[in-house]
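# What the coordinates show
This is what each chain is made of:
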Amino acid sequence: MKKLWRIVALVAFAFLATACTSSAASQQDIAERIDSEAYPVITWGVKVDTNLFGKYNIAENRIEGFDIDMAKEITNRVGGENAEAEFVEVTSKTRIPLLKNGNVDALIATMTITEDRLKQVDFSQVYFDAGQALMVPEDSDIEGVESLTSEHTVLAVKGSTSAQRIKEAAPDANVLELENYAEAFTALKSGQGDTMTTDNAILLGIMEQNPGYKIAGSTFTNEPYGIAINKGQDAFLNEVNQAIDDMVADGTYQEIYAKWFGDDTESSIAE
Ligand code: GLU
C-alpha cells in the first residue's frame, strides 16, 4: 500500500513539474532567452505529413519542406549562426494548444491567419499565399465546390480552416473530419469520401507523390499563411518579421520558394 502511495505521489509530482515547466516556458520572454544563450535553440511546431511544407523523410531521418527551410533560416537570422532549430510535430488540431502550453516557441505549419485565431495567438506577416480547393480521383465528375450535394462526402482535417469553410461553401455536403492529412488521404483512397479538401498547395504536394488525382474547379477561399507566436512575445515577433523582410530583400526567400515550388512560380509576397 505504501508503495502505491509513493507511486501516486511521484506521478502527481511529475504532473505538477510538467505543468509548471510548461506554464513557465509559455511566460518566458523568448527574445531574452535567445539573447542570453551561447547556443540558442528555437523550437518550431511543424507538420510532418505534408509534402512540400513539412514531411518526415524516413530514409534521411529528417523533416523537409518549405516551412522547415523557412524555420531554419529564421532561426539563424534571429539567434545567430550558433542557433539551432528544433522541430516538434503538430497537427492542425494540436498546434494552438502546443504553442499556448509553451511546448514550442512558434508554429510554422501551413497555418492560415484568421480573425478567430488572432484572438488566441499573434501572427507574423504573411509568408505564403494559398487558397482552399478540392482534390478528386481523376475519373470523378465533381467539377468544383458548386457540384457538391447531400450525396457527397468531403474529407477534411480537424482544426483546419478547410473543415470549417467547406461547411459554408457546400452546406448540403457531408463532412468527415480526420486527424491529419495522411489519414484524410488514406480515407479518400479507400473510398470513404468523394473528395478531399484543403489548401491547393497541400493538395499539389499530395498529387506530386500520388498519380490519379486532380484538382476540381478553382480555389474558393484565401489562406494567407503566418507564423504563430504566443501573445506577449512582441520582441520575438518583431525579430521574426524582420528576418522575413530581410529574406525577401536579399533573395533568400525566393530561393527557398523556388526550391519547393519551382523557378517559374513566383510568390506573391516577394515582389
Ligand atoms: N491553411 C489551413 C489552416 O490553417 C489548412 C491547412 C492546415 O490544416 O494546416 O487550417
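Residues numbered from 1 in each chain as written. Predicted model: local features only at pLDDT ≥ 70, side-chain atom pairs only at ≥ 80, totals over all residues. Heavy atoms only, no water.

## Topic: helix H3 (residues 66-79)
When the terminal C-alpha atoms of H3 are compared, their 20 Å separation across 14 residues agrees well with the 20 Å that a helix rising 1.5 Å per residue should span. Burial of H3 is extensive: ten of the 14 residues sit out of reach of the surface. When H3 is considered as a whole, its buried residues turn out to be Phe-66, Asp-67, Ile-68, Asp-69, Met-70, Ala-71, Ile-74, Thr-75, Val-78 and Gly-79. Phi for Gly-80, located one or two positions after H3, is positive at around 90°. (Helix = DSSP H or I, 4+ residues; strand = E, 2+ residues; numbered from the N terminus. Expected span 1.5 Å × (residues − 1). Buried < 20%, exposed > 50% of the residue type's maximum accessible area, 1.4 Å probe, protein only.)

## Let's talk about the site of the ligand
Around the ligand sit 16 residues, and of these Lys-47, Ser-92, Thr-110, Tyr-181 and Asp-199 come closest. Contact between the ligand and Asp-199: a nitrogen atom at 2.6 Å from a side-chain N or O atom of the residue. Relative to its unbound accessible area of 280 Å², the ligand is 100% covered by the protein chains. Going through the elements one at a time, helix H6 (161-169) and strand E12 (195-199) are the ones with two or more residues in the shell around the ligand. Considered class by class, the residues forming the shell around the ligand number five nonpolar, seven polar and four charged. (Near = heavy atom within 4 Å. Polar contact = N/O pair within 3.5 Å; in protein donor to acceptor, adjacent residues only side chain to side chain. Areas by Shrake-Rupley, 256 points an atom, 1.4 Å probe, with all protein chains shown as cover. Nonpolar A, V, L, I, M, F, W, Y, C, P; charged D, E, K, R; others polar.)

## Regarding the sheet that holds strand E3 (residues 54-57)
Ordered in space as E2-E3-E4, the three strands form an open sheet in which the pairing is antiparallel. Where the open sheet ends on each side, the last strands, each with one partner, are strand E2 (49-50) and strand E4 (62-64). Pairing of E2 with E3, which is carried by two bridges, proceeds in the antiparallel orientation. Bridge assignment links Asp-49 to a residue of E3, and that residue is Lys-55. (Pairing = 2+ DSSP bridges.)

## A word on the pairing of strand E1 (residues 41-46)
Of all six residues making up E1, five are buried, and the element is well covered by its neighbours. Summarising the sheet, E1 and strand E5 (residues 84-89) pair through six bridges and their orientation is parallel. Across the sheet, Gly-45 pairs through a bridge with Val-88, a residue of E5. In terms of strand pairing, E1 meets strand E6 (residues 106-107) through two bridges, oriented parallel. Residue pairing across strands places Trp-44 opposite Ala-106, the latter belonging to E6.

## Some thoughts on the packing of H3 against helix H9 (residues 234-249)
With their axes 9 Å apart at the nearest point, H3 and H9 run at an angle of 110° to one another. On the basis of the axis angle, H3 is roughly perpendicular to H9. As for the relative orientation of H3 and H9, their crossing is right-handed in sense. Counting all contacts with H3, which are made through Met-70, Glu-73, Ile-74, Arg-77 and Val-78, the residues of H9 involved are Phe-236, Glu-239, Val-240, Ala-243, Ile-244, Asp-246 and Met-247. (Axes fitted to C-alpha atoms, helices over the stretch in contact; angles between N-to-C directions. Parallel < 35°, antiparallel > 145°, perpendicular 65-115°, else oblique. Left-handed = near helix turned anticlockwise from the far one by under 90°. Contact = heavy atoms within 4.5 Å.)

## A word on unusual backbone geometry
Of note in this structure, Asn-61 is not a glycine but carries a positive phi near 55°. Secondary-structure assignment places Asn-61 in the loop between E3 and E4. Using a relative accessible area of 55% as the deciding quantity, one classes Asn-61 as exposed. With a phi close to 45°, Thr-110 is a non-glycine residue in the positive phi region. Along the chain, the position of Thr-110 falls in the loop between E6 and helix H5 (115-118). The exposure class assigned to Thr-110 is buried, which follows from its relative accessible area of 4%.

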